Amino acid sequence: LKAEWKDGLDSKNESMTLIVKPGASCQGKGIYLTREIEDIDMDEKCVVQEYINKPFLMEKMKFDLRLYVLVLGIDPLRIYLSREGLARLSTKMYEEVDDKNLDDMTMHLTNYAINKHSNKFQPNRAAIVDSVGHKRSLKFTLKYLEKCEGQDSK
C-alpha cells in the first residue's frame, strides 16, 4: 500500500503537501503537515488529505466554517440547517506552504485550541460585534464574502 500510494502521489505532484490528522484526537492535537510520505506512520489510524496551498482567505488569514445541523430522521432524510454558525480564523497571515513554515500551526490551522495561545489572538468581546476577533458569525462571514470577495453567498 505504501509504495502504491507514494507512486500515486509522486506522479501527480512531487511538491504536494499533505495534512495528517490523527483518528482519535481533537482540538488540533497531533495534526501536522508533511511533504514526505515516509513521515506518516502507516500503522496509526489517521486521515491524510491533500493540503490546499491556495485557500480562500478572510483578511489574509485562513478560516473555516462551522455550520450546525439537526438531523431529525434518515428515512425519510430530514435535516435542518441553523441560520447561525461561525467562522474561525487562524492568527497568522497566510503564506504559501514551504519548508520554512511547514510547522507553523497558527497559520495553517484554524482550531481555537491552537490559536488561543498565539499572542495575536483576539477574543470576541460581545456577540453584537461580530467583525473583530478570531471567531466571526456566519452572518458576518457571508456579508464579508459578498462585499470584499464578490462572492454570491445566497
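No experiment lies behind these values; they were computed from the predicted model shown.

Scoring rules and cut-offs
- Residues numbered from 1 in each chain as written.
- Predicted model: local features only at pLDDT ≥ 70, side-chain atom pairs only at ≥ 80, totals over all residues.
- Heavy atoms only, no water.
- Helix = DSSP H or I, 4+ residues; strand = E, 2+ residues; numbered from the N terminus.
- Buried < 20%, exposed > 50% of the residue type's maximum accessible area, 1.4 Å probe, protein only.
- Phe/Tyr/Trp six-rings, centres within 6.5 Å; stacked < 30°, edge-to-face > 60°.
- Lys NZ or Arg CZ within 6 Å of the ring centre and 35° of its normal.
- Pairing = 2+ DSSP bridges.
- Contact = heavy atoms within 4.5 Å.
- Axes fitted to C-alpha atoms, helices over the stretch in contact; angles between N-to-C directions.
- Polar contact = N/O pair within 3.5 Å; in protein donor to acceptor, adjacent residues only side chain to side chain.
- Core = buried A, V, L, I, M, F, W, Y, C linked by side-chain atoms within 4.5 Å.
- Disulfide = S-S within 2.5 Å.

### Re the overall build of the chain
Scanning the chain for helices and strands turns up four helices and seven strands. Element order for the chain, N to C, with α for helix and β for strand: α-β-β-β-β-β-β-α-α-β-α. Each principal axis of the C-alpha atoms in the chain carries an extent, and together these give about 50 × 45 × 30 Å. Residue burial in the chain is summarised as follows: out of 154 residues, 33% are buried.

### Things to note about the packing of aromatic side chains
What the rule picks out here adds up to three aromatic pairs. The cationic tip of lysine 135 hangs over the ring face of tyrosine 112; the distance from NZ or CZ to the ring centre is 4.3 Å.

### Brief notes about the sheet that holds strand β4 (residues 57-58)
Spatial strand order, β4-β5-β6-β7: four strands in an open sheet with antiparallel pairing. Of all the strands in the sheet, the pair left with one neighbour each is β4 and β7 (135-137). Direction of pairing for strand β6 (residues 77-89) relative to β7: antiparallel, over a ladder of three bridges. Paired with arginine 88 across the strands is lysine 135, a residue of β7. Of the strands in this sheet, β4, β5 (61-74), β6 and β7 are in contact with helix α4 (residues 138-149), which crosses β7 at around 85°.

### As for the sheet that holds strand β2 (residues 32-34)
Reading across from one edge, β2-β1-β3 is the order of the three strands in this open sheet, with antiparallel pairing throughout. For this open sheet the edge positions go to β2 and β3 (46-50), each flanked by a neighbour on one side alone. This sheet shows a mean twist of 25° between the axes of neighbouring strands, independent of strand direction.

### Quick notes on the environment of glutamate 96
Looking at where glutamate 96 falls in the secondary structure, it is placed in the loop between β6 and α2 (105-108). Taking the C-alpha atoms as reference points, glutamate 96 and lysine 62, separated by 34 residues in sequence, lie 11 Å from one another. Other than its neighbours up to four places away in sequence, glutamate 96 contacts Asn53, Lys54 and Asn101. Engagement of the side chain of glutamate 96 in a polar contact is seen with the side chain of asparagine 53, the distance being 3.2 Å.

### A look at the environment of glutamate 146
With respect to the element layout, glutamate 146 can be found in helix α4. Measuring from C-alpha to C-alpha, the distance between glutamate 146 and isoleucine 128 comes to 20 Å, with 18 residues separating the pair along the chain.

### Some thoughts on the nonpolar core
For soluble globular proteins, the rule of thumb is that nonpolar side chains tend to be buried together. Membership of the largest hydrophobic core is limited to 11 residues, which are Ile19, Ile31, Leu33, Tyr51, Tyr94, Val97, Leu102, Met105, Met107, Leu109 and Ile114. Setting aside its immediate chain neighbours within four residues, leucine 109 contacts Ile19, Ile31, Ser90, Ile114 and Asn115. Counting eight residues, the second-largest nonpolar core is a separate cluster that includes Met58, Met61, Leu89 and Leu145.

### A closer look at the state of the cysteines
In total, this model carries zero disulfides according to the counting rule given. In this structure cysteine 26 is not part of a disulfide, and its nearest cysteine sulfur, from cysteine 46, lies 16 Å away.

This is a description of form; function is not addressed.
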